[in-house]
Amino acid sequence: MRRQGPPPRIEFTFSGFVKPFVNLVHELSFNGTALPYCIGLKESLKGWPSVTVLNRVSQFGAAPEEDRRTLQQPTERMIGRVISCDGSTAIISTVAEALTSASTDFWAIGKLISISLETSRIVGLVYKINAASALWQEDKPNSMHVKVELVGQVRDAPDGKPVFSRGIATYPPLGAVAHRIRAADLAAVHNPVGRRTAAIGTLSQDESIPAVVCVDDMLKRHFAVVGTTGAGKSTAVSLLLHNVTRTRPDLRVLILDPHNEFSRAFPNNSVAISPDTLELPFWLFQLEEFAEVIFRGRDADQEQIDALRDLIPVAKARFNQKSLQSGSSIKKPIEASTITADTPIPYRMTELFALVEESIGQLEGRHDRSVLRLLKNRLEALVNDPRYRFMFTSRTVEDNISQVIGNIFRIPNNNKPITVFQLAGMPSEVVNSVVSVLCRMAFDVAMWSGGGFEICVVCEEAHRYVPQDHRLGFAPTRQSIARIAKEGRKYGAYLGIVTQRPGELDPTILSQCSTVFAMRLANDRDQDIIRSAIADSSASTTSFLSSIGNREAIAFGEGTATPMRMRFADLPEQFIPGSSHQPAATAGANGQSDVNIDRVVMRMRAMNRAAL
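Residues numbered from 1 in each chain as written. Predicted model: local features only at pLDDT ≥ 70, side-chain atom pairs only at ≥ 80, totals over all residues. Heavy atoms only, no water.

## What about the overall build of the chain?
For the chain, the count of helices and strands is 14 helices and 20 strands. Counting over 612 residues, the chain shows a buried share of 49%. Considering only contacts in the chain between residues 6 or more positions apart, those separated by 24 or more positions represent 71%. For the chain, the accessible surface area stands at approximately 29,400 Å², while carbon and sulfur atoms represent 50% of it. (Helix = DSSP H or I, 4+ residues; strand = E, 2+ residues; numbered from the N terminus. Buried < 20%, exposed > 50% of the residue type's maximum accessible area, 1.4 Å probe, protein only. Contact = heavy atoms within 4.5 Å. Areas by Shrake-Rupley, 256 points an atom, 1.4 Å probe, with all protein chains shown as cover.)

In structure tokens:
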């Protein structure tokens, strides 16, 4: 039986931007009367046939309640229309009067916005804003032109969840509506679906959405953290490594720490190796690396190098033979003809001195006597220098290569997979050689382990070791780091580059880092280097590198779903990298501090800078 009486009054609230999209909305009817598209009902239809309202209005006008991030945010989401579009960018026209105090950040540089299509939304990155007219009128609406870079497209999956894909399949027509991006769409844009991820902070555009990186892709394709001094690079690296080791407990990490600051950041899962505790036998150095130590960074004498190339294999062969006779751990004899100056076999410096003396005493030796005498004097000075005791201690003449590798590379890791190699207390002329040895050994151990050992070498202040100018730096160090960068991912050796001057870094090394965290960079050349490193279309992301805040970064590359502006998460105070130095003493009333100058001088003379 049909209910008597007039139908209840139904009040509709219409969006001002419905007409262009009437063809997208299913026709609604009530008692046989067609209804225009509506976005809500003020009163219910108690006792009357129900009316189905298709809630697609979030794409065209009002924001659904769940997409409103704050109560102050207005429900109206439309903020302009497309008036121009090319293959990679679009221009959106809007009116300044429409921007309320709650929505003044609609067009902030670096924000993502949406452009509505029939079945999808195009995601655009705002990179430039300008007024349509040269005159600004206070009492009238002012038109603005907003330039956006087209990043990708969001479609709704069958289950209703938004899915983001890079590239533009359908370009927006003129007049298409641009609006504030949904929270769900924004999360989908930065979500690397199907990959193992770790949250490292939050998006700058919406702090409720985590910024995540794909750990495996970031590691296997190498990564770089660049930024000016004070931007927060060290804290960012510490945060990344905490998350990486938590996600990948099998991974080993070797941090080349030139300022002795990272041991504090990993108090529970790392070991620190300083010059006082280091044992790095001299016979592990290849000839070029050993020559760098002998000649203290100066140009090497080629005749002396040739003499070492001839004598060191003989010393190694003699030690090998004696070790076999004494029942050493070397079980299998090594053919003397296969031993070179670079073969990692122990030998004694006393044996090398004896060989030099024998060569000097020969009437017709291969090498000039004066050259050999100079070489012997250099070697004796090196062995007697207390700063190089880590190379020439009594244990360094043993065949302890397994213990050395196990200690440095944490095999087994004993729940401490991170090695912080402190370089600050080491003689400057030997640092390059030590870094070369460590990087070369990291690659070799990963390669010969058959996939059972994976390591990430984090190179702080990388521009010191692989400078852009090939005439600077140390060639073997450059080669060792470049080998990891170019071939390491095949064997499980990965590279992390940290530098404040990417413009001074070898571009070949930086180009191998497929994930980059670019923090604040003030230098134009450094910005250009990062801008050229972005392989996808979002190059304008770096246009505001000079103005982002501390601990903010532009992350892009293989380890991210799409380039994102993010802020690294806060670290507890005890995990923030920093020197173990005590705070500087404040001056007293007489202007003097309580620093013990005699103790400082004693430490300087002892060359024990790591203990300061």
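What follows continues from the structure just given.
## Here we look at the packing of helix α6 (residues 349-361) against helix α7 (residues 369-384)
Interhelical geometry of α6 versus α7 gives an angle of 160° and a closest axis separation of 9 Å. The angle between α6 and α7 falls in the class roughly antiparallel. In the crossing of α6 with α7, the sense of the turn from one axis to the other is left-handed. Here α6 contributes Met349, Leu352, Phe353, Val356, Glu357, Ser359 and Ile360 to the contact with α7, which in turn contributes Arg369, Leu372, Arg373, Lys376, Leu379, Glu380 and Val383. The class makeup of the residues in the contact of α6 with α7 is eight nonpolar, one polar and five charged. (Axes fitted to C-alpha atoms, helices over the stretch in contact; angles between N-to-C directions. Parallel < 35°, antiparallel > 145°, perpendicular 65-115°, else oblique. Left-handed = near helix turned anticlockwise from the far one by under 90°. Nonpolar A, V, L, I, M, F, W, Y, C, P; charged D, E, K, R; others polar.)

## What to know about the nonpolar core
Membership of the largest hydrophobic core comes to 87 residues, with the highest contact counts inside it found for Leu256, Leu280, Phe290, Tyr347, Met391 and Phe421. Broken down by element, the residue count for this core peaks at 12 residues, all from helix α10 (residues 428-448). Formed by 47 residues, the second largest nonpolar core is a distinct cluster that contains Ile181, Val189, Ile209 and Leu239. (Core = buried A, V, L, I, M, F, W, Y, C linked by side-chain atoms within 4.5 Å.)

## Section: the side chain of Asn243
Take Asn243: it is sitting in helix α3 (residues 233-247). When its relative accessible area of 10% is taken as the criterion, Asn243 is described as buried. Looking at Asn243, its side chain comes within polar contact range of the main-chain oxygen of Leu239, at 2.8 Å. Excluding residues within four positions of it along the chain, Asn243 makes contact with Ala198, Ala199 and Ile200. (Polar contact = N/O pair within 3.5 Å; in protein donor to acceptor, adjacent residues only side chain to side chain.)

## Overview of the packing of aromatic side chains
Ring pairs (aromatic) are described by centroid distance and by the angle formed between their planes. Tallied over the full model, the rule gives six aromatic pairs. Pairing Phe282 with Tyr347 gives two aromatic rings, centres 5.0 Å apart and planes at 90°, and the pair type is edge-to-face. One end of the pair, Phe282, is in the loop between β14 (270-273) and α4 (287-294); the other, Tyr347, is in the loop between α5 (302-325) and α6, and 65 residues separate them in sequence. In this structure, Phe282 and Tyr347 share a single accessibility class: buried. Relative to Tyr491, the ring of Phe443 has its centre 5.6 Å away and its plane inclined at 75°; by these criteria the two rings are edge-to-face. Linking Phe443 in helix α10 with Tyr491 in the loop between α11 (475-487) and β17 (493-499), this pair joins segments that are 48 residues apart in sequence. Residue Phe443 is classed as buried on the basis of its relative accessible area, which comes to 1%. Among the aromatic residues, those joined into a cluster by ring pairs are Phe282, Phe290, Tyr347 and Phe392. (Phe/Tyr/Trp six-rings, centres within 6.5 Å; stacked < 30°, edge-to-face > 60°.)

## Quick notes on the pattern of salt bridges
Overall, the coordinates contain 24 salt bridges when judged by the stated rule. Of the charged contacts in the structure, one is a salt bridge between Arg121 and Asp185, with a shortest N-O distance of 2.9 Å. Residue Arg121 is found in strand β6 (residues 120-131), and its partner Asp185 is found in helix α1 (residues 183-189); the two are separated by 64 residues along the sequence. On the basis of relative accessible area, Arg121 is assigned to the buried category, the value being 1%. (Salt bridge = Lys/Arg side-chain N within 4 Å of Asp/Glu carboxyl O.)

## Digging into unusual backbone geometry
Residue Ile411 is joined to Pro412 through a cis peptide bond whose omega torsion reads -5°. Counting through the fold element by element, Pro412 comes out in the loop between α9 (401-408) and β15 (418-422). Despite not being glycine, Asn260 shows a phi value in the positive range, around 55°. Here Asn260 lies in the loop between β13 (252-257) and β14.

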